[in-house]
Amino acid sequence: MALNVKFKPGTKQSLIAANYFNGSAEEAVTGVIAGLAPRQYRIVLQDDASIDLRIWSENEFEPDELHGLIEWLRELHQDIRVLNEPVLDQSDFERVALNWLAKRDTMLTFFLEQLADDPEDTGLEPNLSLGVLGGRTIMISTDTVMFTQLAPGVHGLSIAQRGSYLLEDDAAMGRLRRA
């Protein structure tokens, strides 16, 4: 997939873009979770740590789906660490962007909130939110990263303290040229 990337640097730009992307994400997620049932999951990991998830989905997740989801969340957290590095290597950025834009093997539609790791933290704020529509990521949100689908093939990414990116895949660029 060819990717056209536009970047605007700066802390103020990252805040402005994050607010705009958040509004777009709210619209997209509202459409995704309408009609889906909320469920709570506590997944115990091999090291006896646990992950608490709230997931809005059509059906309950099967154990193998939860296992795949945990692996996906681990990848997302690693990608977010890469994006938050003081110096962001272009090849690392492209790998993360293409990973987030790729269609997953699953055709699932769901909205997920990963709750705080600290069992003493009883707040409702998740440390990560993820929206998926038919296996495509339409939103990822943390306290430092906001990624959302703005239109088919067009995504926005804001990274705190760094700036914002507009990502257009080759199909979206073709539609824009024809318009």
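Since the structure is predicted, the reported quantities are computational estimates derived from the model, not experimental observations.

Colleague: Help me understand the pattern of salt bridges, please; the structure alone is not making it clear to me.
Modeller: Where charged atoms from two side chains of opposite charge approach closely, those side chains can pair. Across all of its chains, the model carries six salt bridges by this definition. Here E71 makes a salt bridge to R74, at a shortest N to O gap of 3.0 Å. With E71 and R74 both in helix 2 (residues 63-83), this residue pair falls three residues apart, about one helical turn. Given a relative accessible area of 31%, E71 falls into the partly exposed group.

Colleague: Looking at this structure, I do not really get helix 1 (residues 11-33). What am I missing?
Modeller: For an α-helix, 3.6 residues make a turn, and residues three or four places apart therefore share a direction. Between its first and last C-alpha atoms helix 1 spans 31 Å; for 23 residues at 1.5 Å apiece the expected length is 33 Å, and the two agree. Restricting attention to buried positions, one finds in helix 1 the residues S14, A17, F21, S24, A25, V29 and V32. Elements in contact with the buried residues of helix 1: strand 4 (110-114), strand 5 (128-133), strand 6 (136-141), strand 7 (145-151), strand 8 (154-159) and strand 9 (163-169). With its phi angle positive at about 90°, G35 sits one or two positions after the end of helix 1.

Colleague: Would you explain the environment of D47 in this entry?
Modeller: With respect to the helices and strands, D47 occurs in the loop between strand 2 (37-44) and strand 3 (50-57). A polar atom in the side chain of D47 sits 3.0 Å from the backbone nitrogen of A49.

Colleague: What am I meant to see in the environment of I16 here?
Modeller: On the secondary structure map, I16 appears in helix 1. Its relative accessible area of 48% is what places I16 among the partly exposed residues. In sequence terms I16 and S158 are 142 residues apart; their C-alpha atoms lie 8.8 Å from each other.

Colleague: Even after reading the chapter, I still don't get the sheet that holds strand 2, so can you show me in this structure?
Modeller: One key point about sheets: their strands pair by backbone hydrogen bonds, in either a parallel or an antiparallel sense. Taking strand neighbours across the sheet as the criterion, the nine strands line up as 1-9-8-7-6-5-4-3-2 in an open arrangement whose pairing is antiparallel. The open sheet has two free edges, formed respectively by strand 1 (3-9) and strand 2, since each of these has just one partner strand. Averaged over all pairs of adjacent strands, the angle between their axes in this sheet comes to 20°, without regard to strand direction. Sheet topology places strand 3 next to strand 4; five bridges connect them, and they run antiparallel. Residue pairing in the sheet places W56 in a bridge with F111 of strand 4.

Colleague: Honestly, a negative patch on the surface in this entry has me stumped. Any pointers?
Modeller: A surface patch of negative charge is lined by E85, D89, D92 and E94. Of note, D92 is situated in helix 3 (residues 90-101). Given the relative accessible area of 32%, D92 is considered partly exposed.

Colleague: Please clarify how the layout of surface pockets should be interpreted in this entry.
Modeller: Unoccupied space between atoms shows up once a probe the size of one water molecule is rolled over them. In this structure, the second largest pocket spans a volume of roughly 190 Å³. Forming the boundary of the second largest pocket are 13 residues, of which E65, G68, L69, W72 and T106 lie nearest the centre. Its residues placed into classes, the lining of the second largest pocket shows five nonpolar, two polar and six charged.

Colleague: I keep staring at unusual backbone geometry and nothing clicks. Help me out?
Modeller: Only a minority of non-glycine residues have a phi that is not negative, and only a minority of peptide bonds are not trans. Its identity as a non-glycine residue notwithstanding, D48 has a phi of 70°, on the positive side. You can see D48 is positioned in the loop between strand 2 and strand 3. With a phi angle near 70°, Q161 is a residue other than glycine that sits in the positive phi range. The residue Q161 is located in the loop between strand 8 and strand 9 in this model. The exposure class assigned to Q161 is exposed, which follows from its relative accessible area of 62%.

The rules behind each value
Residues numbered from 1 in each chain as written. Predicted model: local features only at pLDDT ≥ 70, side-chain atom pairs only at ≥ 80, totals over all residues. Heavy atoms only, no water. Salt bridge = Lys/Arg side-chain N within 4 Å of Asp/Glu carboxyl O. Helix = DSSP H or I, 4+ residues; strand = E, 2+ residues; numbered from the N terminus. Buried < 20%, exposed > 50% of the residue type's maximum accessible area, 1.4 Å probe, protein only. Expected span 1.5 Å × (residues − 1). Contact = heavy atoms within 4.5 Å. Polar contact = N/O pair within 3.5 Å; in protein donor to acceptor, adjacent residues only side chain to side chain. Pairing = 2+ DSSP bridges. Axes fitted to C-alpha atoms, helices over the stretch in contact; angles between N-to-C directions. Patch = residues over 30% accessible without salt bridge, like charges linked within 9 Å, V, L, I, M, F, W, Y side chains within 5 Å. Areas by Shrake-Rupley, 256 points an atom, 1.4 Å probe, with all protein chains shown as cover. Lys, Arg positive; Asp, Glu negative; His and termini not counted. Charge placed at Lys NZ, Arg CZ, Asp CG, Glu CD. 1 Å grid on protein atoms, 1.4 Å probe; cavity = no way out; pocket = protein on both sides within 12 Å on 5 of 7 lines; lining within 4 Å. Points joined across faces, edges and corners; volume = space filled by probe spheres on them. Nonpolar A, V, L, I, M, F, W, Y, C, P; charged D, E, K, R; others polar.

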